[in-house]
Amino acid sequence: EIQALSSSFNSKLKSAEDEQQNFFQDLAIPFIEFQNGKFEVNRDAVKILEKLPSRKIRVVCIAGPYRSGKSFLLNQLIGRSVSNGFPVGGSINACTKGIWMLVTRMEDEPDTSTIYLDSEGLGSVDKDMDFDAHVFALCVLLSS
């Protein structure tokens, strides 16, 4: 009977640990998208953020000119490649639209989650300065 209780407890503990790990992402996803003339928060991103346990959270956001290597730099920073990090394009067309998000945990700081945010490039030929100002302001506010 004690073995059955112990087994049941260990099973529930393992299930809780597995559930807690679900908020760590394998791939970057859109966080803030520009649709129908306004910025909107992606629902899948909200679900991930809601699952974050109450622990330390660090936010790292990158903003800068389009096609200047922001996504590549973030991938290098977190030790990921294009296949499991932020998408990187090889053309003059922007790869990142809006602001994308990737949530990780560092091995040496298990009680701290890091939210990496990759923004759409500023100064793109298909966007205006007003759009750029909004993207940059969102980056500053989200990482403050």
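Analysis parameters
Residues numbered from 1 in each chain as written. Predicted model: local features only at pLDDT ≥ 70, side-chain atom pairs only at ≥ 80, totals over all residues. Heavy atoms only, no water. Helix = DSSP H or I, 4+ residues; strand = E, 2+ residues; numbered from the N terminus. Buried < 20%, exposed > 50% of the residue type's maximum accessible area, 1.4 Å probe, protein only. Lys, Arg positive; Asp, Glu negative; His and termini not counted. Salt bridge = Lys/Arg side-chain N within 4 Å of Asp/Glu carboxyl O. Polar contact = N/O pair within 3.5 Å; in protein donor to acceptor, adjacent residues only side chain to side chain. Contact = heavy atoms within 4.5 Å. Core = buried A, V, L, I, M, F, W, Y, C linked by side-chain atoms within 4.5 Å. pLDDT = per-residue confidence, 0-100. Pairing = 2+ DSSP bridges.

Examined against the element boundaries, Asp-132 turns out to sit in helix α4 (residues 129–142). For the buried Asp-132, no salt bridge exists, and the shortest N-O distance to an oppositely charged side chain is 8.1 Å, to Lys-127. Only 2.7 Å separates the side chain of Asp-132 from the backbone nitrogen of Gly-123, close enough to count as a polar contact. The residues contacting Asp-132, other than those within four sequence positions of it, are Gly-121, Leu-122, Gly-123, Ser-124 and Lys-127.

Turning our eyes to something else, we now look at the nonpolar core. Soluble, globular proteins show a tendency: their nonpolar side chains are buried together. Membership of the largest hydrophobic core is limited to 11 residues, which are Phe-31, Ile-32, Ala-45, Ile-48, Leu-52, Ile-99, Met-101, Val-103, Ile-115, Leu-117 and Cys-139. Secondary-structure elements contributing two or more residues to this core are β1 (29–35), α2 (43–51), β4 (99–105) and β5 (112–119). Here this core gets three residues from one element, more than from any other, and that element is β4. Ranked by size, the runner-up nonpolar core spans eight residues in total, among them Ala-28, Ile-62, Leu-74 and Leu-102.

Our focus in this paragraph is the confidence of the model for the protein chain. Fine structural detail should not be taken from predicted coordinates in areas where pLDDT scores are low. Confidence along the protein chain averages 77 in pLDDT terms, with 75% of residues attaining 70 or more. Mean pLDDT across the secondary structure elements of the protein chain bottoms out at helix α1 (residues 2–21), with 46, and peaks at strand β2 (residues 38–41), with 92. A low-confidence stretch, residues 8–22 stays under pLDDT 50, and its non-local contacts, those more than four residues away or across chains, total five contacts.

Turning next to the pattern of salt bridges. Considering all chains together, one arrives at three salt bridges under this definition. Residue Lys-38 pairs with Glu-40 through a salt bridge whose shortest N-O separation is 3.9 Å. Judged by its relative accessible area of 47%, Lys-38 falls in the partly exposed class. By relative accessible area, which is 29% here, Glu-40 ends up partly exposed. For the salt bridge of Asp-111 with Lys-56, the shortest nitrogen-to-oxygen distance reads 3.9 Å. Taken as a pair, Asp-111 in the loop between β4 and β5 and Lys-56 in strand β3 (residues 56–62) lie far apart in primary sequence, 55 residues in all.

Looking along a regular strand, one sees side chains alternate from face to face of the sheet. Bridge count for β1 against β4 is three bridges, and the pairing is antiparallel. In the sheet register, Ile-32 faces β4, and the bridge partner there is Ile-99. As paired strands, β1 and β2 are joined by four bridges and run antiparallel to one another. Bridge pairing links Glu-33 to Glu-40 in β2.

For the rest of this paragraph, the subject is the environment of Pro-65. Within the secondary structure, Pro-65 sits in the loop between β3 and α3 (70–78). On the accessibility criterion, Pro-65 (52% relative accessible area) is exposed. Spatially, the C-alpha atoms of Pro-65 and Asp-132 are 9.5 Å apart, while their sequence positions differ by 67 residues. Here Pro-65 is in contact with Lys-70, Gly-121 and Leu-122, once residues within four sequence places are set aside.

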